[in-house]
Amino acid sequence: MANRPTIELVAKAAGVSVATVDRVLNARAHVRPRTARRVHEAALEVGYHASGLIGRRLMEELPEYRLGFLLLDTGQAFYVNFARYLAEAVSEATDFRGVTAFEYASPRDPEQIAEKLTVLADRSMAIAIVATEHPAVSAAIARCMDRGIPVFALLTDVAAGTRQAYVGVHNGKVGRTAAWMIANSAPQPGKIALFIGSHRFQGQEAREMGFRAYFREEAPGFSILDTLVNFEDSHFTRDALLELSEQHADLVGCYTVGGGMEGAIEAVRHMAPERRPVVVCNELTPLSRDALADKSITMVIDTPIQAISREVVRLMAQGLSGNASARISDAYLPFGIYLPESV
């Protein structure tokens with residue numbers, strides 16, 4: 001008992017007076033949130049017995065924000081993980097108490113996306129959304145903004161000029177990076193297969209534009225075949241890539257702009273090693289990691305969904321804080337690059 005941490009020790013660790021610690025502990029008077037958090041951190045650090053009480057007092061004084069998230073219902077682990085990271089980012093926030101609401105919609109049904117967005121608006125103070133570009137979606141976003149509910153675009157931009165901000169990677173640079181890898185890894189110039197999930201995803205369209213622009217400007221000896229819309233279907237991607245390989249003996253590259261990489265990997269593994277194109281896919285998963293390891297594919301471009309989750313939650317809270325001087329702008333986060341030698 002003699003060595004039990006005291007309030008004086010907490011004050012010393014926090015760099016504040018004993019009176020300040022007492023005010024935080026007993027809620028006797030207002031203490032700036034930053035100072036109160038420092039006292040709480042110091043109490044935890046020294047093992048002060050009332051650190052839990054201080055933490056509860058801090059939480060009680062924080063504003064409560066109801067944050068809504070609309071993701072795509074694709075059955076892919078990507079969106080399962082994304083939802084988990086978003087929920088974690090809200091629960092780990094230190095400057096507000098968060099309540100989360102999730103809705104899921106089909107990427108092929110913009111009317112459903114708009115409906116789910118309207119549902120979220122009735123129980124959210126701010127919303128982050130992954131959606132295709134469509135008049136119905138843009139109109140639903142505009143209605144939210146008119147109601148004072150800021151809407152943030154995630155991963156792929158939507159309703160630019162209406163939504164609050166975009167949070168994700170720079171998709172044009174992603175496309176150019178994929179093009180650079182194929183142009184510099186192919187044994188000689190030739191034809192390139194290009195798969196896209198949907199042109200209604202602005203992010204995927206921007207990747208395609210960046211991809212084509214690079215070859216037009218830097219590697220004109222290559223020829224990009226007509227873009228194939230795969231609706232992120234792996235079976236279609238597999239069959240189409242195998243057919244293109246049979247039709248074009250000089251097929252040297254393949255880029256799956258959206259989903260469907262599982263099919264591309266399967267197709268490449270059916271090809272003779274000397275006929276395999278340079279393949280660039282998105283998202284590091286157990287499958288793509290194995291494909292890199294056995295060199296079925298050459299590069300994976302990974303979306304930092306954990307960092308994106310933290311950033312969008314920070315911006316949503318900033319928008320709800322009432323701080324008129326806080327400027328909210330688009331946030332571009334660096335994407336990951338994985339090669340056979342880095343997994």
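Structure: see above.
Sequence order as written defines residue numbering, which begins from 1 separately in each chain. With pLDDT at 70 or above as the cut-off, local features in this predicted model cover only qualifying residues; side-chain atom pairs require 80 or more to be listed or tallied, and sums for whole chains, interfaces and linings still use all residues. Working from all heavy atoms in the structure, the side-chain values ignore hydrogens and water.

### Regarding the overall build of the protein
Part 1 of the reasoning: Each helix and strand counted, the protein has 13 helices and 13 strands in total.
Part 2 of the reasoning: Taken over the C-alpha atoms alone, the protein extends approximately 80 × 50 × 35 Å along its principal axes.
Part 3 of the reasoning: Residue burial is assigned from relative accessible area. The probe radius is 1.4 Å, only protein chains are included, and a residue is buried under 20% of its type maximum, exposed over 50%, and partly exposed in between. Every one of the 343 residues in the protein was classed for burial, and the buried ones make up 50%.
Part 4 of the reasoning: Between two residues, a contact is recorded if the distance between any of their heavy atoms is within 4.5 Å. Of the contacts made within the protein by residues no fewer than 6 positions apart, 67% connect residues no fewer than 24 positions apart.
Part 5 of the reasoning: In the form shown here, the protein has an accessible surface area of approximately 16300 Å², with 49% of it arising from carbon and sulfur atoms.
Part 6 of the reasoning: Positive: Lys, Arg. Negative: Asp, Glu. His and the chain ends are not part of the count. Working definition for charges: the position is that of NZ of Lys, CZ of Arg, CG of Asp or CD of Glu. Treating the 35 positive side-chain charges of the protein as one cloud and the 40 negative ones as another, the clouds have centres 9 Å apart. Only runs of H or I of at least four residues qualify as helices and only runs of E of at least two qualify as strands under DSSP, and these elements are numbered from the N terminus. Surface exposure here means Shrake-Rupley accessible area, sampled with a 1.4 Å probe, where a residue is shielded only by the protein chains that are shown.

### Quick word on the packing of aromatic side chains
Part 1 of the reasoning: Aromatic pairing here means that ring centres of Phe, Tyr or Trp (its six-membered ring) are within 6.5 Å. Orientation follows from the plane angle: under 30 degrees is stacked, over 60 is edge-to-face, and everything else is tilted. Across all of its chains, the model carries 10 aromatic pairs by this definition.
Part 2 of the reasoning: Aromatic pair phenylalanine 211 and phenylalanine 215: ring centres 5.1 Å apart, planes at 65 degrees, arrangement edge-to-face. One end of the pair, phenylalanine 211, and the other, phenylalanine 215, are both in helix 9 (residues 202–218), 4 residues apart, so they sit about a helical turn from each other. For the pair formed by phenylalanine 211 and phenylalanine 215, the shared burial category is buried.

### A look at the pattern of salt bridges
Part 1 of the reasoning: One speaks of a salt bridge when a side-chain nitrogen belonging to Lys or Arg is within 4 Å of a carboxyl oxygen belonging to Asp or Glu. All told, the structure shown has 15 salt bridges when counted by the stated rule.
Part 2 of the reasoning: For arginine 238, the salt bridge identified is with glutamate 266, shortest N-O distance 3.4 Å. With a gap of 28 residues between them, arginine 238 in helix 10 (residues 234–247) and glutamate 266 in helix 11 (residues 261–270) connect regions that are remote in the sequence.
Part 3 of the reasoning: Here the salt bridges share partners, and the residues they tie into one network are Glu103, Lys116 and Arg123.

### Focus on the environment of alanine 291
Part 1 of the reasoning: Relative to the assigned elements, alanine 291 resides in helix 12 (residues 286–293).
Part 2 of the reasoning: Sequence spacing of alanine 291 and glutamate 262 is 29 residues, and the spatial spacing of their C-alpha atoms is 9.7 Å.

### A word on unusual backbone geometry
Part 1 of the reasoning: In this structure, phenylalanine 231 is a non-glycine residue whose phi angle is positive, near 50 degrees.
Part 2 of the reasoning: Within the fold, phenylalanine 231 resides in the loop between strand 8 (228–229) and helix 10.
Part 3 of the reasoning: Backbone geometry places lysine 295, a non-glycine residue, at a positive phi of 65 degrees.
Part 4 of the reasoning: Structurally, lysine 295 is set in the loop between helix 12 and strand 11 (299–302).

### A look at the pairing of strand 1 (residues 64–72)
Part 1 of the reasoning: Summarising burial for strand 1: 7 of the 9 residues are buried, a large majority.
Part 2 of the reasoning: As defined by bridge partners, strand 1 adjoins strand 2 (residues 97–105) across 9 bridges and the pair is classed as parallel. In the sheet register, glycine 68 faces strand 2, and the bridge partner there is alanine 101.
Part 3 of the reasoning: Sheet topology places strand 1 next to strand 3 (residues 126–129); 4 bridges connect them, and they run parallel. Bridge assignment links leucine 70 to a residue of strand 3, and that residue is isoleucine 129. Here the rule is simple: two strands pair whenever DSSP picks up at least two bridges between them.

### Quick word on the sheet that holds strand 3
Part 1 of the reasoning: Across the sheet, which stays open at both edges, the 6 strands sit in the order 2-1-3-4-5-12 with parallel pairing between neighbours. The strands lining the two open edges of the sheet, one partner per strand, are strand 2 and strand 12 (331–332).
Part 2 of the reasoning: Along the sheet, helix 5 (residues 77–91) makes contact with strand 1, strand 2 and strand 4 (151–154), crossing strand 1 at roughly 170 degrees. Note on geometry: axes are lines fitted to C-alpha atoms, helical ones only across the stretch in contact, with angles between N-to-C directions running from 0 to 180 degrees.

### Considering the environment of alanine 105
Part 1 of the reasoning: You can see alanine 105 is positioned in strand 2.
Part 2 of the reasoning: Setting aside anything within four residues of it in sequence, one finds alanine 105 in contact with Leu70, Leu71, Leu72, Asp73, Gln112, Ile113 and Lys116.

### Description of helix 13 (residues 305–320)
Along an α-helix, a turn takes 3.6 residues, which lines up residues three or four apart on a common side.
Part 1 of the reasoning: Here, expected helix span is obtained from the residue count minus one, scaled by 1.5 Å. The end-to-end C-alpha separation of helix 13 is 22 Å, in line with the 22 Å expected for 16 residues at 1.5 Å each.
Part 2 of the reasoning: Every buried residue belonging to helix 13 is among Ile305, Ile308, Ser309, Glu311, Val312, Val313, Leu315, Met316 and Ala317, and all of these are buried.
Part 3 of the reasoning: Where helix 13 is buried, its residues meet strand 1, helix 5, strand 3, strand 4, strand 5 (165–168) and strand 12.
Part 4 of the reasoning: Just downstream of helix 13, glycine 322 is the residue with a positive phi angle, here 85 degrees.

### Quick word on helix 2 (residues 18–26)
Part 1 of the reasoning: When helix 2 is considered as a whole, its buried residues turn out to be Thr20, Val21, Val24 and Leu25. The arc that holds the buried residues of helix 2, viewed along the axis, is 135 degrees, so those residues lie on one side. The directions from the helix axis to the C-beta atoms form the arc being described.

### Things to note about the side chain of threonine 35
Part 1 of the reasoning: On the secondary structure map, threonine 35 appears in helix 3 (residues 33–46).
Part 2 of the reasoning: Given a relative accessible area of 10%, threonine 35 falls into the buried group.
Part 3 of the reasoning: Setting aside residues up to four positions removed in sequence, threonine 35 forms contacts with Val16 and Thr20.

### Here we look at the nonpolar core
Part 1 of the reasoning: Nonpolar cores are built from buried Ala, Val, Leu, Ile, Met, Phe, Trp, Tyr and Cys residues. Side-chain atoms within 4.5 Å join them into one set. In terms of nonpolar packing, the biggest core is built from 56 residues, with Leu67, Phe82, Leu154 and Val312 touching the most fellow members.
Part 2 of the reasoning: If we ignore the near neighbours within four places in the chain, the residues touching leucine 67 are Val90, Phe96, Val99, Thr100, Ala101, Ser124, Ala126, Val313, Met316 and Leu320.
Part 3 of the reasoning: Listed in part, the 24 residues of the second largest apolar core include Val169, Ile182, Phe211 and Ala219.

All quantities given are derived from atomic positions and should not be read as evidence of function.
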